[in-house]
Amino acid sequence: MLVGMIIPDQTNPFFAELSFQLQIQLAQVSVPLVVLSSDGDAQREHKCLQTLNDLKVSGIVFVSAGDDSRVLDVLKTINKPHIIIDRELPPGTENCDFVISDNRAGIKLAVDHLISKGHRSLAFIKGCQNTDPGRVRLLAFREWVRKGGLNENDLYEFDGSFDYLSGYEAAKKILVIPKERRPTAIVASNDLSAIGALQCLHENGLKVPADISLVGFDDIVMCRWIYPRLTTVRQDTIALTRSAAVFLLSRIFGEYEQAPRLSPVVPQLIERQSTRDLT
Ligand code: RIB
């Protein structure tokens, strides 16, 4: 037996961690895992699915590169048990389940943390808006700052794409905001964009958290290596992959053949050194 996994970005440590944890879960029942990367390209994504089909995998754990209605047709054609993990897609077949972090709760943790420290002017660095986590985190930011009573004139949103460079570029735009109106904290949609913003701020003389606080999302290992260590929202990759393995194997062995199941996984705030108290 062999299980296949498709990730959208092999350069992002979050997906390396996710595939590593899935490998550990499957190794407990002596099932090997093969991992392919679509590198964010829909055509390559279809090719990866076809390759896994040609390898006669028994099931697939799938993280999509982004919205692409054709991928549901490919999944339907292959019609192997599959788990949609991390990036929700509309169900294309009955032969699938979903394992997703509660992204709305995760952004609430970040916003509440900053408000509790006296921050009232926040910037948000978006993730890819052609992905479910990118959209949900943006809408969640808007919801929780509104419910937190923040004035929309003190809120800023910048485009981002879940990578270092877009975080760096977003920080460049924050730097040109007049000092008296500059946000006192940044919420980034993932850690890589937070780290890109951190580098840009440091290169331009702004200290984190002394001048501006910073919160990421994912809790990749680099959060513990950089200075200051990054406060972030941890996605529980062990819980995500444990559910994915249980769901997938139950379908492969024919123990479950009903409607798609959804397993939301609760994230956790990991407070380190990149946010400060203004009160
Ligand atoms: O870091 C990459 C991001 O895209 C993560 O937050 C993950 O949820 C994925 O969707």
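As the structure is a prediction and not an experimental result, all values here were calculated from the model. (Residues numbered from 1 in each chain as written. Predicted model: local features only at pLDDT ≥ 70, side-chain atom pairs only at ≥ 80, totals over all residues. Heavy atoms only, no water.)

A. Layout of the pairing of strand β2 (residues 33-37). As paired strands, strand β1 (residues 3-7) and β2 are joined by five bridges and run parallel to one another. Considered in β2, the bridge of G4 is made with V34. On the question of chirality, the crossover connecting β1 to the parallel β2 by way of helix α1 (residues 13-27) is right-handed. (Pairing = 2+ DSSP bridges. Helix = DSSP H or I, 4+ residues; strand = E, 2+ residues; numbered from the N terminus. Right-handed = clockwise from strand over helix to strand, strands pointing away.)

B. Up close: the pairing of strand β7 (residues 155-158). Alternating residues of β7 divide into Y156 and F158, all buried, and L155 and E157, none buried. Two elements, strand β6 (residues 122-125) and β7, share four bridges in a ladder whose sense is parallel. Its bridge partner lying in β7, L122 is registered against L155. Handedness of the β6-helix α5 (residues 132-147)-β7 crossover: right-handed. (Buried < 20%, exposed > 50% of the residue type's maximum accessible area, 1.4 Å probe, protein only.)

C. Just the site of the ligand, in detail. As a structural note, the neighbourhood of the ligand is formed by N12, F14, F15, D86, R87, P133, R137, F162, N190, D218 and Q235. Separating an oxygen atom of the ligand from a side-chain N or O atom of D218 is a distance of 2.6 Å. Its free accessible area being 280 Å², the ligand has 100% of it covered by the protein chains. Across the shell around the ligand, the residue classes tally to four nonpolar, three polar and four charged. (Near = heavy atom within 4 Å. Polar contact = N/O pair within 3.5 Å; in protein donor to acceptor, adjacent residues only side chain to side chain. Areas by Shrake-Rupley, 256 points an atom, 1.4 Å probe, with all protein chains shown as cover. Nonpolar A, V, L, I, M, F, W, Y, C, P; charged D, E, K, R; others polar.)

D. Looking closely at the side chain of D68. Of note, D68 is situated in the loop between β3 (59-62) and α3 (69-78). Among the residues examined, D68 registers a relative accessible area of 10% and is labelled buried. In this structure the side chain of D68 is engaged in a polar contact, spanning 2.6 Å, whose partner is the side chain of H46. Those residues within four positions of D68 in sequence are excluded, and the remaining contacts are A42, E45 and H46. (Contact = heavy atoms within 4.5 Å.)

E. Fine view of the sheet that holds strand β12 (residues 268-270). With mixed pairing, the six strands of this open sheet are ordered in space as β7-β6-β8-β9-β10-β12. Unpaired on one side and paired on the other, β7 and β12 mark the two borders of the sheet. The average undirected angle you get between the axes of adjacent strands in this sheet is 20 degrees. As paired strands, strand β8 (residues 185-188) and strand β9 (residues 213-218) are joined by three bridges and run parallel to one another. (Axes fitted to C-alpha atoms, helices over the stretch in contact; angles between N-to-C directions.)

F. Highlighting the packing of helix α6 (residues 164-175) against helix α7 (residues 191-203). Between α6 and α7, the shortest axis-to-axis distance is 6 Å and the interhelical angle comes to 45 degrees. The pairing of α6 with α7 is recorded here as oblique in orientation. For the element pair α6 and α7, the recorded crossing hand is right-handed. Each of Y164, S166, G167, Y168, A171, K172 and L175 in α6 lies in contact with α7, whose residues at this interface are L192, S193, I195, G196, A197, Q199, C200, L201 and E203. For the contact of α6 with α7, the residue count by class is nine nonpolar, five polar and two charged. (Parallel < 35°, antiparallel > 145°, perpendicular 65-115°, else oblique. Left-handed = near helix turned anticlockwise from the far one by under 90°.)

G. Just the sheet that holds β1, in detail. If you trace the six strands from one edge of the open sheet to the other, you get β2-β1-β3-β4-β5-β11, paired in parallel fashion. Strands at the two margins of the open sheet, each flanked by one partner only, are β2 and β11 (262-265). In this sheet, adjacent strand axes meet at a mean angle of 15 degrees when their direction is disregarded.

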